[in-house]
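Architecture at a glance
Listed below, chain by chain, are the residues.
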Amino acid sequence: MQIPRLSSSPTLESSLSLSIDLYFSLYNWILKSFQVNPISSESRTLEPIPVSRPIPEVDIDHVENYDKSESRDLVVAQLKTPKPEPVIEPKTDDLDKPEVFHSVTPQPKIPQPDPVIEQKNDDLNKPKVFPFVKALKTTENKSDPCGGRYVYVHDLPPRFNEDMLKQCRSLSKWTNMCKFTTNAGLGPPLENTEGVFSDNGWYATNQFAVDVIFSNRMKQYECLTKDSSLAAAIFVPFYAGFDIARYLWGYNISTRDAASLDLVDWLQKRPEWSIMGGKDHFLVAGRITWDFRRLSEEETDWGNKLLFLPAAKNMSMLVVESSPWNANDFAIPYPTYFHPSKDSEVFAWQDRMMNLDRKWLFCFAGAPRPDNPKSIRGQIIDQCKNSDVGKLLECDLGESKCHSPSSIMQMFQSSVFCLQPQGDSYTRRSAFDSMLAGCIPVFFHPGSAYTQYTWHLPKNYTKYSVFIPEDDLRKKNISLEERLGQIPVDQVKMLREEVINLIPRLIYADPRSKLESHKDAFDVSVQAIINKVTRLRKDMIDGRTDDDFIEELSWKYALLDEGEYVGVHEWDPFFSKPKPNDGNTDSDGSSAEVAKNSWKNEQRDHS
């Protein structure tokens, strides 16, 4: 577009008229330059009109052939006068064509949500791909004996396991654990001077040595893999029980929690963790669950908080005693003294236990709990003392036989029934020692075995044990001799046979070898974990969720067969109290006191 040239005028009036004409011509040229609709001559006015934004400055000195007369100031003033400004939307079909502009009504700016990206129809029909499908498909390979059974083991820094064994004297306040960590965690061999044991496979095993025993057994597991994408489960060889044992007395909570927090941080950075957020991971702690369930950040509170860490709630932790009210821990047997390396050693022991002459109707090895008014141990001890068919080993009088594996096993082998009341916590190692001897266990609280070792013991507890509710002794003062003596001989024989048949599942084979035809406690535990992870993976693929799961009723779920629903149970009165982390007490007192008393008992045992 050509800019109009200005002509000279001798008079002010004509000059002003020309200047105004020049103004509108120049103004329309400027509007077009900024893509603004030109104004018509009819709309000419010198009155200021408000606009929404200022008109751009124009350098009028650079307008071609402009005669810089006295009208300059007027023209500039006119240029700076606000004019109404419509919102313009240009067409851009062809830049060479005459410019055409269209006014649109300005609209307020409304915040828009993020765009929704619609999934293509083809993608909607495709099944969701899960990273663990490869592991599940290994079960379809019938020629692979390890299909669906592979286990991947994390290569943890040695501070989480082996370094603890190098400092074995610090693992217990009262016990020198160095001798108990020898022989792959079995401890020193037992001498068989009294002929109580068999010739091979017997060791002075500490009841809290499962950490190292289990880890060493894992090294012999036949289906280990270095390819985590094939793994049915992932093992974390952290010695959690040894870790807490060294810091329970005289250390602040920061020290007690340090290794657990460090472990979780290490695991969460691993690619294996991201596959299921740790729900396919498991570890072992050879102590009771209450040592890992500190309820607060108070320095005086007991234990560490490993099992309350969010990451640990996804993992499965195997302990020698689990919580009835929590879902992230599972009970496995206490270690006994017997660790066979061959199937023949197991068969020989079972045959021997089946044919023993048992002269005592019932027996008990233990100490009273005078500080616990709810304990029934006092009544049991009194009945053993006052019965001609009862045998007692009192452990609170410094009697060395109570701490002698030979003396304890000899008493169990010569008894038909072995009494197993609660100790400081629900469970006792003694229950497994007695069943190893073919002695039928008598339990007084379902938390001592029935709701604990659901992987290793039959759900039908009447097949292998006798249950006598605590209140029968506490309130009814029943006679144990009379109650047990009324059981028919044929039933006693069936109970004993079942107990002896269970022996392989309750013992840990020598970690340096492997049984061929028996599944030991380790094998049963690993398979149970694999089954748990496999079910969870299949549920994820099928879109099934556990929204109705009530964690406080965990003990009930463990007793259900597939397809059964949680309902009223005969043992509800035993577990009806608030769970420990509510700050209230259960039937044993607070979990912290239970755990602390357990350690006091350990101190007494080794004093």
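Higher on the page you've got the structure.
Residues numbered from 1 in each chain as written. Predicted model: local features only at pLDDT ≥ 70, side-chain atom pairs only at ≥ 80, totals over all residues. Heavy atoms only, no water.

**Quick word on helix α12 (residues 343-354)**
Here α12 is 12 residues long and its end C-alpha atoms lie 17 Å apart, about the 16 Å a rise of 1.5 Å per residue gives. Listed as buried for α12 are Asp343, Glu345, Val346, Trp349, Gln350 and Met353. Down the axis of α12, the buried side of the element spans an arc of 160 degrees, and every buried residue falls inside it. (Helix = DSSP H or I, 4+ residues; strand = E, 2+ residues; numbered from the N terminus. Expected span 1.5 Å × (residues − 1). Buried < 20%, exposed > 50% of the residue type's maximum accessible area, 1.4 Å probe, protein only. Arc of directions from axis to C-beta.)

**Some details on unusual backbone geometry**
A positive phi angle is found at Ala184, which is not glycine, with a value near 60 degrees. Within the secondary structure, Ala184 is located in helix α6 (residues 182-185). The phi dihedral of Asn477 falls on the positive side, at around 55 degrees, and the residue is not glycine. Turning to its location among the elements, Asn477 is positioned in the loop between α16 (470-474) and α17 (480-485). Of the residues examined, Asn477 reaches a relative accessible area of 56% and is grouped as exposed.

**Regarding the side chain of Ser316**
As for its position among the elements, Ser316 is in strand β6 (residues 316-321). Residues in contact with Ser316, not counting those within four places in the same chain, are His281, Phe282, Leu283, Asn328, Phe330, Ile529 and Lys532. (Contact = heavy atoms within 4.5 Å.)

**Observations concerning the sheet that holds β6**
Taken in spatial order, the five strands make up an open sheet running β3-β4-β5-β6-β7, and their pairing is parallel. The sheet is open, and its two borders are formed by β3 (151-153) and β7 (329-331), each paired with just one other strand. On average, each strand axis in the sheet is inclined to that of its neighbour by 35 degrees, with strand direction left out of account. Here strand β4 (residues 233-235) pairs with strand β5 (residues 281-288) via two bridges, running parallel. (Pairing = 2+ DSSP bridges. Axes fitted to C-alpha atoms, helices over the stretch in contact; angles between N-to-C directions.)

By themselves, these observations are geometric and do not establish any function.
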